[in-house]
Amino acid sequence: MAAAQEGDKAAYERLLEDILPALRSFARRRLGDDVAAEDVVQEVLLSVHRARQTYRPERPFEPWLFAIARNAIIDFQRARTRRQREVVLEDDLLQSACAPTDPAHADAHDPRSELSPLLGEALAKLPEAQREAVLMIHVEGLSVIEAALRARVSPGALRVRAHRGYRALRALLGRPAP
Amino acid sequence: MKRVPTQELVTLLVRDLEPRRRVPRLRAQLAVLLGAGGLVVLGIVAYRGLRPDTLDLLRSGEAFPLVAAGLLAAALGGSAAALASTRPDRHRVAQAGLLCGAGGLALATGIAALCFGAVPSASGAEVVHSALACAVSGILFALPLSILAAFLMSTGAARQLGRTAAVAALAATAFGALAVHFTCPSLEVWHWITAHALAPVLGALLLAAPVRALALRWERRT
(Lines give C-alpha, C1' and ligand atoms only; values in the text may rest on other atoms or scores of the structure.)
Protein backbone atom coordinates (compact mmCIF):
# COMPACT_ATOMS: atom_id res chain seq x y z
CA MET A 1 0.00 0.00 0.00
CA ALA A 2 2.87 2.34 0.81
CA ALA A 3 4.20 1.77 -2.73
CA ALA A 4 0.73 2.42 -4.17
CA GLN A 5 0.62 5.74 -2.31
CA GLU A 6 3.80 6.66 -4.18
CA GLY A 7 2.05 5.87 -7.47
CA ASP A 8 3.46 2.38 -8.14
CA LYS A 9 0.77 0.90 -10.39
CA ALA A 10 2.14 -2.64 -10.42
CA ALA A 11 2.23 -2.77 -6.62
CA TYR A 12 -1.28 -1.35 -6.47
CA GLU A 13 -2.63 -3.94 -8.91
CA ARG A 14 -0.98 -6.74 -6.89
CA LEU A 15 -2.47 -5.36 -3.70
CA LEU A 16 -6.00 -5.10 -5.11
CA GLU A 17 -5.75 -8.65 -6.53
CA ASP A 18 -4.47 -9.94 -3.19
CA ILE A 19 -7.22 -8.45 -1.09
CA LEU A 20 -10.07 -9.56 -3.37
CA PRO A 21 -10.51 -13.12 -2.00
CA ALA A 22 -10.51 -11.96 1.63
CA LEU A 23 -12.97 -9.18 0.84
CA ARG A 24 -15.29 -11.53 -1.07
CA SER A 25 -15.32 -14.02 1.76
CA PHE A 26 -15.88 -11.26 4.36
CA ALA A 27 -18.77 -9.77 2.40
CA ARG A 28 -20.37 -13.16 1.66
CA ARG A 29 -20.24 -14.10 5.33
CA ARG A 30 -21.94 -10.87 6.31
CA LEU A 31 -24.50 -10.67 3.50
CA GLY A 32 -25.10 -14.31 2.55
CA ASP A 33 -25.65 -13.30 -1.07
CA ASP A 34 -23.00 -13.55 -3.80
CA VAL A 35 -24.35 -10.75 -6.00
CA ALA A 36 -24.68 -8.32 -3.09
CA ALA A 37 -21.25 -9.37 -1.84
CA GLU A 38 -19.70 -8.53 -5.22
CA ASP A 39 -21.37 -5.10 -5.15
CA VAL A 40 -19.89 -4.49 -1.72
CA VAL A 41 -16.45 -5.67 -2.83
CA GLN A 42 -16.58 -3.10 -5.65
CA GLU A 43 -17.63 -0.38 -3.20
CA VAL A 44 -14.72 -1.35 -0.95
CA LEU A 45 -12.26 -1.18 -3.85
CA LEU A 46 -13.52 2.30 -4.69
CA SER A 47 -13.31 3.39 -1.05
CA VAL A 48 -9.77 1.99 -0.76
CA HIS A 49 -8.87 3.99 -3.87
CA ARG A 50 -10.45 7.17 -2.54
CA ALA A 51 -9.03 6.80 0.99
CA ARG A 52 -5.63 5.40 0.06
CA GLN A 53 -3.80 8.42 1.48
CA THR A 54 -5.27 7.72 4.95
CA TYR A 55 -3.29 4.49 5.36
CA ARG A 56 -0.15 4.91 7.49
CA PRO A 57 2.53 2.22 7.13
CA GLU A 58 3.31 2.14 10.86
CA ARG A 59 -0.23 0.85 11.51
CA PRO A 60 -1.45 -2.61 10.45
CA PHE A 61 -3.14 -2.81 7.03
CA GLU A 62 -5.94 -5.30 7.84
CA PRO A 63 -7.83 -3.20 10.41
CA TRP A 64 -7.72 -0.27 7.97
CA LEU A 65 -9.05 -2.41 5.12
CA PHE A 66 -11.74 -4.19 7.10
CA ALA A 67 -12.95 -0.96 8.71
CA ILE A 68 -13.62 0.23 5.15
CA ALA A 69 -15.32 -3.09 4.35
CA ARG A 70 -17.52 -2.95 7.47
CA ASN A 71 -18.60 0.60 6.62
CA ALA A 72 -19.34 -0.42 3.04
CA ILE A 73 -21.55 -3.27 4.26
CA ILE A 74 -23.46 -0.96 6.62
CA ASP A 75 -23.95 1.59 3.83
CA PHE A 76 -24.97 -1.13 1.39
CA GLN A 77 -27.59 -2.58 3.74
CA ARG A 78 -29.07 0.86 4.39
CA ALA A 79 -29.12 1.69 0.69
CA ARG A 80 -30.64 -1.70 -0.21
CA THR A 81 -33.54 -1.17 2.17
CA ARG A 82 -34.12 2.30 0.76
CA ARG A 83 -33.79 1.25 -2.85
CA GLN A 84 -36.15 -1.70 -2.53
CA ARG A 85 -38.90 0.82 -1.84
CA GLU A 86 -37.97 3.09 -4.72
CA VAL A 87 -36.64 1.05 -7.60
CA VAL A 88 -40.01 -0.19 -8.84
CA LEU A 89 -41.40 3.32 -8.96
CA GLU A 90 -38.32 4.71 -10.72
CA ASP A 91 -38.39 2.04 -13.42
CA ASP A 92 -42.11 2.51 -13.91
CA LEU A 93 -41.68 6.27 -14.18
CA LEU A 94 -38.85 6.13 -16.70
CA GLN A 95 -40.28 3.31 -18.82
CA SER A 96 -43.62 5.03 -19.21
CA ALA A 97 -42.01 8.40 -19.90
CA CYS A 98 -39.41 7.02 -22.35
CA ALA A 99 -42.05 6.44 -25.02
CA PRO A 100 -40.37 5.97 -28.39
CA THR A 101 -40.18 9.14 -30.44
CA ASP A 102 -40.35 9.37 -34.20
CA PRO A 103 -37.43 7.20 -35.36
CA ALA A 104 -36.81 9.58 -38.25
CA HIS A 105 -35.82 12.27 -35.76
CA ALA A 106 -33.88 10.08 -33.39
CA ASP A 107 -30.12 10.75 -33.20
CA ALA A 108 -28.22 7.51 -32.86
CA HIS A 109 -25.43 9.22 -30.91
CA ASP A 110 -27.57 11.18 -28.48
CA PRO A 111 -29.30 9.03 -25.87
CA ARG A 112 -31.65 11.91 -25.12
CA SER A 113 -33.21 11.60 -28.56
CA GLU A 114 -34.87 8.38 -27.38
CA LEU A 115 -36.83 10.23 -24.73
CA SER A 116 -40.41 11.31 -25.04
CA PRO A 117 -40.83 15.09 -25.41
CA LEU A 118 -42.55 15.15 -22.01
CA LEU A 119 -39.59 13.54 -20.24
CA GLY A 120 -37.12 15.62 -22.26
CA GLU A 121 -38.80 18.81 -21.03
CA ALA A 122 -38.87 17.57 -17.44
CA LEU A 123 -35.20 16.56 -17.61
CA ALA A 124 -34.25 19.98 -18.96
CA LYS A 125 -35.69 21.53 -15.79
CA LEU A 126 -33.45 19.45 -13.48
CA PRO A 127 -30.17 20.82 -12.10
CA GLU A 128 -27.23 19.84 -14.29
CA ALA A 129 -25.78 17.28 -11.86
CA GLN A 130 -29.08 15.46 -11.35
CA ARG A 131 -29.88 15.42 -15.07
CA GLU A 132 -26.44 14.01 -15.84
CA ALA A 133 -26.85 11.26 -13.23
CA VAL A 134 -30.31 10.19 -14.47
CA LEU A 135 -29.19 10.19 -18.10
CA MET A 136 -26.00 8.22 -17.47
CA ILE A 137 -27.68 5.52 -15.39
CA HIS A 138 -31.12 5.09 -16.90
CA VAL A 139 -30.73 6.29 -20.45
CA GLU A 140 -27.12 5.49 -21.36
CA GLY A 141 -27.23 2.38 -19.17
CA LEU A 142 -23.92 3.00 -17.41
CA SER A 143 -23.22 1.27 -14.11
CA VAL A 144 -23.15 3.47 -11.01
CA ILE A 145 -19.38 3.00 -10.84
CA GLU A 146 -18.81 3.95 -14.49
CA ALA A 147 -21.09 6.95 -14.09
CA ALA A 148 -19.37 7.97 -10.84
CA LEU A 149 -15.94 7.75 -12.45
CA ARG A 150 -17.15 9.83 -15.37
CA ALA A 151 -18.74 12.47 -13.12
CA ARG A 152 -15.69 12.37 -10.81
CA VAL A 153 -17.79 11.83 -7.68
CA SER A 154 -18.20 8.87 -5.32
CA PRO A 155 -20.80 6.20 -6.24
CA GLY A 156 -22.78 7.18 -3.16
CA ALA A 157 -22.91 10.81 -4.25
CA LEU A 158 -23.95 9.77 -7.75
CA ARG A 159 -26.76 7.61 -6.36
CA VAL A 160 -27.97 10.53 -4.27
CA ARG A 161 -27.96 12.81 -7.34
CA ALA A 162 -29.85 10.23 -9.39
CA HIS A 163 -32.35 9.66 -6.59
CA ARG A 164 -32.98 13.41 -6.22
CA GLY A 165 -33.35 13.60 -9.98
CA TYR A 166 -36.00 10.83 -9.97
CA ARG A 167 -37.85 12.55 -7.17
CA ALA A 168 -37.84 15.86 -9.03
CA LEU A 169 -38.93 14.12 -12.25
CA ARG A 170 -41.76 12.42 -10.41
CA ALA A 171 -42.95 15.81 -9.16
CA LEU A 172 -42.55 17.44 -12.59
CA LEU A 173 -44.43 14.63 -14.33
CA GLY A 174 -47.19 14.74 -11.75
CA ARG A 175 -46.56 11.25 -10.34
CA PRO A 176 -47.15 10.62 -6.64
CA ALA A 177 -44.08 10.22 -4.43
CA PRO A 178 -43.47 6.75 -2.94
CA MET B 1 -28.44 -0.60 -13.46
CA LYS B 2 -25.57 -2.63 -14.81
CA ARG B 3 -22.29 -3.38 -13.10
CA VAL B 4 -18.75 -3.51 -14.43
CA PRO B 5 -16.91 -6.77 -13.73
CA THR B 6 -14.69 -6.48 -10.65
CA GLN B 7 -11.60 -7.28 -12.69
CA GLU B 8 -12.37 -4.39 -15.03
CA LEU B 9 -12.84 -2.11 -12.03
CA VAL B 10 -9.40 -3.12 -10.73
CA THR B 11 -7.93 -2.19 -14.11
CA LEU B 12 -9.77 1.16 -14.08
CA LEU B 13 -8.55 1.97 -10.58
CA VAL B 14 -4.96 1.02 -11.37
CA ARG B 15 -5.10 3.18 -14.50
CA ASP B 16 -6.47 6.07 -12.40
CA LEU B 17 -3.73 5.76 -9.74
CA GLU B 18 -1.76 8.89 -9.01
CA PRO B 19 0.69 9.51 -6.17
CA ARG B 20 -1.08 10.89 -3.09
CA ARG B 21 0.57 12.57 -0.15
CA ARG B 22 0.05 10.43 2.93
CA VAL B 23 -2.17 11.95 5.59
CA PRO B 24 -0.12 13.13 8.63
CA ARG B 25 -0.39 11.25 11.92
CA LEU B 26 -3.67 11.78 13.75
CA ARG B 27 -1.90 12.98 16.89
CA ALA B 28 0.10 15.52 14.86
CA GLN B 29 -3.05 16.92 13.25
CA LEU B 30 -4.82 16.94 16.59
CA ALA B 31 -1.91 18.80 18.17
CA VAL B 32 -2.08 21.42 15.40
CA LEU B 33 -5.84 21.91 15.84
CA LEU B 34 -5.75 21.97 19.64
CA GLY B 35 -2.69 24.24 19.60
CA ALA B 36 -4.49 26.65 17.28
CA GLY B 37 -7.58 26.44 19.52
CA GLY B 38 -5.46 27.23 22.56
CA LEU B 39 -3.85 30.18 20.78
CA VAL B 40 -7.25 31.56 19.74
CA VAL B 41 -8.54 31.32 23.32
CA LEU B 42 -5.38 32.93 24.75
CA GLY B 43 -5.37 35.65 22.09
CA ILE B 44 -9.01 36.59 22.71
CA VAL B 45 -8.57 36.50 26.48
CA ALA B 46 -5.48 38.71 26.14
CA TYR B 47 -7.34 41.12 23.83
CA ARG B 48 -10.65 41.33 25.73
CA GLY B 49 -9.21 40.89 29.21
CA LEU B 50 -9.81 38.02 31.60
CA ARG B 51 -12.75 38.68 33.92
CA PRO B 52 -11.24 39.65 37.30
CA ASP B 53 -13.15 37.05 39.35
CA THR B 54 -12.25 34.09 37.12
CA LEU B 55 -10.13 32.26 39.71
CA ASP B 56 -12.76 32.68 42.43
CA LEU B 57 -15.48 31.47 40.10
CA LEU B 58 -13.41 28.48 38.98
CA ARG B 59 -12.81 27.50 42.62
CA SER B 60 -16.46 28.02 43.53
CA GLY B 61 -17.49 24.54 42.37
CA GLU B 62 -20.67 25.99 40.89
CA ALA B 63 -21.98 26.51 37.37
CA PHE B 64 -19.06 28.58 36.02
CA PRO B 65 -16.41 25.81 36.17
CA LEU B 66 -19.01 23.28 35.01
CA VAL B 67 -19.72 25.30 31.87
CA ALA B 68 -15.98 25.87 31.31
CA ALA B 69 -15.19 22.16 31.72
CA GLY B 70 -18.09 21.21 29.46
CA LEU B 71 -16.94 23.58 26.72
CA LEU B 72 -13.36 22.34 27.02
CA ALA B 73 -14.55 18.72 26.74
CA ALA B 74 -16.70 19.63 23.71
CA ALA B 75 -13.72 21.35 22.07
CA LEU B 76 -11.26 18.52 22.72
CA GLY B 77 -13.70 15.67 22.02
CA GLY B 78 -15.17 17.32 18.94
CA SER B 79 -11.72 18.03 17.47
CA ALA B 80 -10.61 14.44 18.01
CA ALA B 81 -13.87 13.07 16.61
CA ALA B 82 -13.78 15.26 13.50
CA LEU B 83 -10.17 14.37 12.63
CA ALA B 84 -10.49 10.67 13.47
CA SER B 85 -13.63 10.41 11.31
CA THR B 86 -11.51 11.13 8.25
CA ARG B 87 -9.52 7.88 8.74
CA PRO B 88 -11.28 4.55 8.32
CA ASP B 89 -9.34 2.71 11.04
CA ARG B 90 -9.77 5.34 13.77
CA HIS B 91 -13.49 4.93 14.37
CA ARG B 92 -12.92 4.13 18.07
CA VAL B 93 -11.15 7.44 18.58
CA ALA B 94 -13.99 9.11 16.70
CA GLN B 95 -16.61 7.46 18.91
CA ALA B 96 -14.72 8.32 22.10
CA GLY B 97 -14.35 11.92 20.91
CA LEU B 98 -18.04 12.17 20.12
CA LEU B 99 -18.92 10.77 23.53
CA CYS B 100 -16.57 13.24 25.22
CA GLY B 101 -17.95 16.16 23.19
CA ALA B 102 -21.59 15.23 23.77
CA GLY B 103 -20.88 14.64 27.46
CA GLY B 104 -19.22 18.06 27.65
CA LEU B 105 -22.22 19.77 26.12
CA ALA B 106 -24.59 17.88 28.41
CA LEU B 107 -22.45 18.91 31.38
CA ALA B 108 -22.32 22.53 30.30
CA THR B 109 -26.04 22.84 29.61
CA GLY B 110 -28.26 20.21 31.21
CA ILE B 111 -26.33 19.48 34.39
CA ALA B 112 -25.47 23.13 34.99
CA ALA B 113 -29.14 24.05 34.57
CA LEU B 114 -30.40 21.18 36.74
CA CYS B 115 -27.86 21.54 39.56
CA PHE B 116 -27.95 25.28 39.80
CA GLY B 117 -31.61 25.78 38.97
CA ALA B 118 -30.84 28.38 36.37
CA VAL B 119 -33.79 30.51 35.42
CA PRO B 120 -33.66 33.88 33.72
CA SER B 121 -33.67 36.59 36.39
CA ALA B 122 -34.70 39.15 33.81
CA SER B 123 -36.21 39.04 30.40
CA GLY B 124 -36.60 41.37 27.49
CA ALA B 125 -34.69 42.63 24.52
CA GLU B 126 -31.56 43.46 26.50
CA VAL B 127 -31.15 39.90 27.79
CA VAL B 128 -31.67 38.45 24.33
CA HIS B 129 -29.30 41.01 22.86
CA SER B 130 -26.47 40.21 25.30
CA ALA B 131 -27.01 36.45 24.81
CA LEU B 132 -26.91 36.84 21.04
CA ALA B 133 -23.81 39.06 21.23
CA CYS B 134 -21.92 36.39 23.21
CA ALA B 135 -23.10 33.51 21.01
CA VAL B 136 -22.24 35.35 17.78
CA SER B 137 -18.82 36.37 19.19
CA GLY B 138 -18.10 32.71 19.98
CA ILE B 139 -19.02 31.75 16.41
CA LEU B 140 -16.92 34.56 14.90
CA PHE B 141 -13.90 33.54 17.00
CA ALA B 142 -14.41 30.01 15.69
CA LEU B 143 -14.05 31.01 12.03
CA PRO B 144 -10.24 30.61 11.71
CA LEU B 145 -10.39 27.29 13.57
CA SER B 146 -13.21 26.07 11.32
CA ILE B 147 -11.13 26.87 8.25
CA LEU B 148 -8.14 25.04 9.72
CA ALA B 149 -10.35 22.07 10.63
CA ALA B 150 -11.75 21.97 7.07
CA PHE B 151 -8.22 21.93 5.67
CA LEU B 152 -7.11 19.13 8.00
CA MET B 153 -10.27 17.15 7.19
CA SER B 154 -9.58 17.51 3.47
CA THR B 155 -6.32 15.57 3.81
CA GLY B 156 -8.27 12.46 4.89
CA ALA B 157 -11.39 10.77 3.57
CA ALA B 158 -14.47 11.34 5.70
CA ARG B 159 -17.24 8.79 5.23
CA GLN B 160 -19.98 11.27 6.12
CA LEU B 161 -18.48 14.64 5.36
CA GLY B 162 -21.56 16.65 6.41
CA ARG B 163 -21.64 15.15 9.90
CA THR B 164 -17.89 15.40 10.28
CA ALA B 165 -18.04 19.07 9.27
CA ALA B 166 -20.78 19.71 11.84
CA VAL B 167 -18.66 18.11 14.59
CA ALA B 168 -15.62 20.15 13.52
CA ALA B 169 -17.71 23.36 13.56
CA LEU B 170 -19.05 22.44 16.99
CA ALA B 171 -15.54 21.92 18.35
CA ALA B 172 -14.27 25.17 16.83
CA THR B 173 -17.20 27.11 18.30
CA ALA B 174 -16.61 25.46 21.68
CA PHE B 175 -13.12 27.02 21.66
CA GLY B 176 -14.62 30.39 20.75
CA ALA B 177 -17.31 30.06 23.42
CA LEU B 178 -14.67 29.13 26.01
CA ALA B 179 -12.84 32.38 25.24
CA VAL B 180 -16.12 34.29 25.56
CA HIS B 181 -16.88 32.49 28.84
CA PHE B 182 -13.62 33.70 30.41
CA THR B 183 -14.05 37.28 29.22
CA CYS B 184 -17.80 37.93 29.50
CA PRO B 185 -18.63 39.95 32.66
CA SER B 186 -22.07 38.40 33.20
CA LEU B 187 -22.82 36.70 36.54
CA GLU B 188 -26.02 35.07 35.29
CA VAL B 189 -25.97 31.26 35.21
CA TRP B 190 -28.79 31.37 32.68
CA HIS B 191 -26.65 33.56 30.40
CA TRP B 192 -23.65 31.21 30.71
CA ILE B 193 -25.82 28.30 29.67
CA THR B 194 -27.76 29.85 26.83
CA ALA B 195 -25.14 32.20 25.38
CA HIS B 196 -21.90 30.28 26.11
CA ALA B 197 -22.70 26.59 26.49
CA LEU B 198 -25.26 26.44 23.67
CA ALA B 199 -23.16 28.52 21.25
CA PRO B 200 -21.37 25.40 19.88
CA VAL B 201 -24.72 23.94 18.82
CA LEU B 202 -25.59 27.16 16.98
CA GLY B 203 -22.08 27.24 15.52
CA ALA B 204 -22.45 23.67 14.25
CA LEU B 205 -25.75 24.57 12.58
CA LEU B 206 -24.36 27.69 10.92
CA LEU B 207 -20.81 26.61 10.03
CA ALA B 208 -21.31 22.96 9.05
CA ALA B 209 -22.21 23.71 5.43
CA PRO B 210 -19.30 26.12 4.74
CA VAL B 211 -16.83 23.78 6.47
CA ARG B 212 -18.10 20.88 4.38
CA ALA B 213 -17.89 22.90 1.17
CA LEU B 214 -14.33 24.02 1.96
CA ALA B 215 -13.18 20.51 2.87
CA LEU B 216 -14.72 19.12 -0.32
CA ARG B 217 -13.09 21.80 -2.44
CA TRP B 218 -9.64 21.17 -0.96
CA GLU B 219 -10.12 17.40 -1.09
CA ARG B 220 -10.80 17.60 -4.85
CA ARG B 221 -7.72 19.73 -5.40
CA THR B 222 -5.39 17.22 -3.82
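Residues numbered from 1 in each chain as written. Chains lettered and ligands numbered in written order. Predicted model: local features only at pLDDT ≥ 70, side-chain atom pairs only at ≥ 80, totals over all residues.

Q: Give me the lowdown on the overall build of chain B, citing residues and values where you can.
A: Along its length, chain B carries nine helices and zero strands. When its helices and strands are written in sequence order, chain B yields α-α-α-α-α-α-α-α-α. Principal-axis analysis of the C-alpha atoms places the extent of chain B at approximately 70 × 35 × 30 Å. Every one of the 222 residues in chain B was classed for burial, and the buried ones make up 49%. Across chain B, every contact between residues at least 6 apart in sequence was considered, and the portion connecting residues at least 24 apart equals 86%. (Helix = DSSP H or I, 4+ residues; strand = E, 2+ residues; numbered from the N terminus. Buried ≥ 20, exposed ≤ 12 C-beta atoms within 10 Å, placed from the backbone. Contact = placed C-beta atoms within 7 Å.)

Q: Tell me about the domain arrangement of chain A, and name the residues and values.
A: Residue and element names in this part refer to chain A. Along its sequence, chain A is carved into domain 1 (1-82) and domain 2 (98-178). Those elements that place two or more of their residues in the side of domain 1 that touches domain 2 are helix 3 (34-50) and helix 4 (61-97). The element contributing the most residues to the side of domain 1 that touches domain 2 is helix 3, with four residues. Residue composition of the side of domain 1 that touches domain 2, by class: two nonpolar, one polar and three charged. (Domains from an automatic or database assignment. Nonpolar A, V, L, I, M, F, W, Y, C, P; charged D, E, K, R; others polar.)

Q: Run through the interface of chain A and chain B, naming residues and quoting values.
A: Each side of the interface is counted separately: chain A has 35 residues, and chain B has 26 residues. Of all the secondary structure elements, the ones that give two or more residues to the side of chain A that touches chain B are helix 1 (2-5), helix 2 (9-31), helix 3, helix 4 and helix 7 (144-151) of chain A. It is helix 3 of chain A that contributes the most residues to the side of chain A that touches chain B, seven residues altogether. Grouping the constituent residues of the side of chain A that touches chain B by class yields 15 nonpolar, nine polar and 11 charged.

Q: Tell me what's going on with the nonpolar core, and back it up with residues and numbers.
A: Ranked by internal contacts, the top residues of the largest apolar core, which has 114 residues, are Val67(B), Leu71(B), Ala149(B), Ala168(B), Ala169(B), Phe175(B) and Leu178(B). In this structure, this core is formed jointly by two domains, domain 1 (1-82) and domain 2 (98-178) of chain A, each of which donates at least three residues. With residues near it in sequence (within four places) discarded, Ala169(B) still touches Ser146(B), Gly203(B), Ala204(B), Leu207(B), Ala208(B) and Val211(B). (Core = buried A, V, L, I, M, F, W, Y, C linked by C-beta atoms within 7 Å.)

Q: Describe helix 7 (residues 161-183) of chain B, and please don't skip the residues or the numbers.
A: Between its first and last C-alpha, helix 7 of chain B extends 33 Å over 23 residues, near the 33 Å set by a 1.5 Å rise per residue. By the criterion of burial, helix 7 of chain B is predominantly enclosed, with 20 of the 23 residues buried. (Expected span 1.5 Å × (residues − 1).)

Q: Kindly report on helix 1 (residues 6-16) of chain B, identifying the contributing residues and their values.
A: When helix 1 of chain B is considered as a whole, its buried residues turn out to be Leu9(B), Val10(B) and Leu13(B). All buried residues of helix 1 of chain B lie within an arc of 105° about the axis, which places them on one face of the element. Pointing more than 90 degrees away from the buried face of helix 1 of chain B are the exposed residues Gln7(B) and Arg15(B). Buried positions along helix 1 of chain B lie against helix 2, helix 3 and helix 7 of chain A. (Arc of directions from axis to C-beta.)

Q: Can you lay out the environment of Leu72(B) for me, pointing to particular residues and giving the numbers?
A: All names here are of chain B. In this fold, leucine 72 is placed in helix 4 (residues 63-84). Exposure remark for leucine 72: the 20 C-beta atoms within 10 Å place this residue in the buried category. C-alpha separation for the pair leucine 72 and leucine 105, spaced 33 residues apart in sequence, amounts to 9.3 Å. Ignoring sequence-local partners within four residues, the contact set of leucine 72 consists of Gly104 and Leu178.

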